[in-house]
Amino acid sequence: MELRVIESSDEEISIEIGGEDHTFMNVLKGALLETEGVTAATYDVNPEQSGGQTEPILSVKTDETIEPLDAIEDAAGRIRDKTTAFKDAYDAAA
């Protein structure tokens, strides 16, 4: 996974996330929308409407209570915790 910041400010960020598809991006977007202080989270992978861009671009907007990168870190941590819990439950059931 390669990350490239396209735009960044105190309350908004756009990051290209190389090597990912809808599967990961939907999970990340969902976790971001559950993060306190996030006012909007979306991604775009449509090359025809994006001038030929093929890697997903994540866009996050926050209020003044959280920085966008902190929101992404929080969301990613919760994803990691959920996947670890799922793996542990699966291993216990198998």
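Each value, and the rule that gives it
Residues numbered from 1 in each chain as written. Predicted model: local features only at pLDDT ≥ 70, side-chain atom pairs only at ≥ 80, totals over all residues. Heavy atoms only, no water. Core = buried A, V, L, I, M, F, W, Y, C linked by side-chain atoms within 4.5 Å. Buried < 20%, exposed > 50% of the residue type's maximum accessible area, 1.4 Å probe, protein only. Helix = DSSP H or I, 4+ residues; strand = E, 2+ residues; numbered from the N terminus. Contact = heavy atoms within 4.5 Å.

### Notes on the nonpolar core
Of all hydrophobic cores here, the largest spans 18 residues; its most connected members are I17, L28, L32, L58, V60 and I72. Looking at this core, the elements that each hand over two or more residues are β2 (12-18), α1 (22-33), β3 (38-44), β4 (57-62) and α2 (68-93). If we skip the residues at most four places from it in the chain, V60 touches E11, E12, I13, L32, V38, A40, A41 and I72.

### Considering the environment of V5
Structurally, V5 can be placed in strand β1 (residues 2-8). Residue V5 is classed as partly exposed on the basis of its relative accessible area, which comes to 48%. Sequence-wise, V5 and I57 are 52 residues apart; in three dimensions their C-alpha atoms are separated by 9.3 Å. For V5, the residues in contact, after removing those within four places along its chain, are I13, S14 and I15.

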